[in-house]
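Summary of the model geometry
For reference, the chains in residue letters:
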Amino acid sequence: MSEPFSVRVTVRGYETDVQGHVNQSVYINYAEHARWSLLQAAGITQTGLIGKGVGPVALETTIRYKRELLAGDEVDVTCAFEWSGGKTFRILQTMIKADGTVAAELTAVGGLLDLKERRMVANPQDYFKELAADPSLFGL
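Below or above, wherever it landed, is the structure these notes cover. Please read all numbers here as calculations on a predicted model, not as lab measurements.

**A closer look at the overall build of the protein chain**
- Broken down by element type, the protein chain carries 3 helices and 6 strands.
- Secondary structure elements in the protein chain, listed N-terminal to C-terminal, are β-α-α-β-β-β-β-β-α.
- Over its C-alpha trace the protein chain gives a radius of gyration of 16 Å, about what one expects of a compact globule, namely 14 Å for 140 residues.
- Its C-alpha atoms give the protein chain principal-axis dimensions of about 45 × 25 × 25 Å.

**Points about the nonpolar core**
- Judged by nonpolar contacts, the single largest core of 34 residues is most densely connected at Tyr 30, Met 95 and Phe 138.
- Listing elements by their share of this core, those giving two or more residues are strand S1 (5-10), helix H1 (24-42), strand S3 (74-83), strand S4 (88-97), strand S5 (102-114) and helix H3 (124-131).
- Element by element, the count of residues in this core is highest for H1, at 8 residues.
- Beyond its immediate stretch of four places on either side in the chain, Met 95 contacts Tyr 27, Tyr 30, Ala 31, Val 75, Asp 76, Val 77, Thr 101, Val 102, Ala 103, Ala 104 and Leu 106.

**Some details on the packing of aromatic side chains**
- Taken as a whole and judged by the stated rule, the model has 9 aromatic pairs.
- By the ring-pair criterion, three or more aromatic residues cluster together here, those being Phe 81, Trp 83, Phe 89, Phe 128 and Phe 138.

**Points about the pattern of salt bridges**
- The tally for this structure, following the rule as stated, stands at 7 salt bridges.
- Among the ionic pairs, Glu 82 bridges to Arg 90, the shortest N-O distance being 3.2 Å.
- For Glu 82, a relative accessible area of 27% translates into the label partly exposed.
- One connected set of salt bridges, linked through shared partners, spans Arg 8, Glu 74 and Asp 76.

**Observations concerning the environment of Lys 87**
- Tracing the backbone through its elements, the reader meets Lys 87 in the loop between S3 and S4.
- The spacing of Lys 87 and Leu 112 is 25 residues in sequence and 7.7 Å in space, taken between C-alpha atoms.
- Beyond its immediate stretch of four places on either side in the chain, Lys 87 contacts Gly 110, Gly 111, Met 120, Val 121, Ala 122 and Pro 124.

**Let's talk about the environment of Ala 104**
- Mapped onto the secondary structure, Ala 104 falls in strand S5.
- Along the sequence, Ala 104 and His 21 sit 83 residues apart, while their C-alpha atoms lie 13 Å from each other.

Rules and cut-offs
Residue positions are given per chain, counted from 1 along the sequence in the order it is written. Whole-chain, interface and lining totals are the exception, using all residues; otherwise, since this is a predicted model, local features are given only for residues with pLDDT of at least 70 and side-chain atom pairs are given and counted only at 80 or more. Values reported for side chains reflect all heavy atoms of the structure, with hydrogen atoms and water molecules removed beforehand. Only DSSP runs of H or I with at least four residues qualify as helices, and only runs of E with at least two residues qualify as strands; both kinds are numbered from the N terminus onward. It is over C-alpha atoms that the radius of gyration is taken, and the globule rule equals 2.2 Å times the number of residues to the power 0.38. For our purposes a nonpolar core is just a set of buried Ala, Val, Leu, Ile, Met, Phe, Trp, Tyr and Cys residues, chained together by side-chain atoms within 4.5 Å. To sort residues, take the accessible area from a 1.4 Å probe on protein chains only and compare it with the maximum for the residue type: under 20% means buried, over 50% means exposed, and anything in between is partly exposed. Note on definitions: a residue-residue contact is assigned when non-hydrogen atoms from the two residues lie within 4.5 Å. Classification of ring pairs rests on two measures: the distance between centres of Phe, Tyr or Trp rings, Trp counted by its six-membered ring, which must be within 6.5 Å, and the angle between planes, read as stacked under 30 degrees, edge-to-face over 60 and tilted in between. We define a salt bridge as a side-chain nitrogen of Lys or Arg found within 4 Å of a carboxyl oxygen belonging to Asp or Glu.

Keep in mind these values describe shape, not function.
Okay, structure coming up:
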């Protein structure tokens with residue numbers, strides 16, 4: 001597994017619900033933002049993925065809420081990939097408040113979809129290695 005990549009997000013007021021804490025769906029947005037930020041940092045673009053005929057897909061997401069996030073809170077969203085050697089990979093993400101408190105832990109299963117065949121590709125890590133200027137960000 002790679003060292004986690006991290007991006008800081010500031011909670012915006014409109015992302016909160018009637019209880020005043022971040023709405024559950026926003027956690028997935030934060031996680032997705034961190035994933036795309038990692039791809040960008042590694043040198044992978046949507047254009048590059050499309051050029052290879054593949055696109056990332058989410059197959060499963062599990063969120064464990066630990067502490068609430070409130071408007072104005074700053075949170076670091078980490079992102080680390082685990083490779084199984086099959087068609088899927090796991091993404092481990094932690095949302096850590098500025099004071100070090102873990103707000104949430106997210107685990108996702110993903111893969112790369114062949115955009116023409118509409119099937120998962122084997123060994124998605126090979127595509128990441130080929131497309132990335134810095135594959136070490138993916139633990140490769």
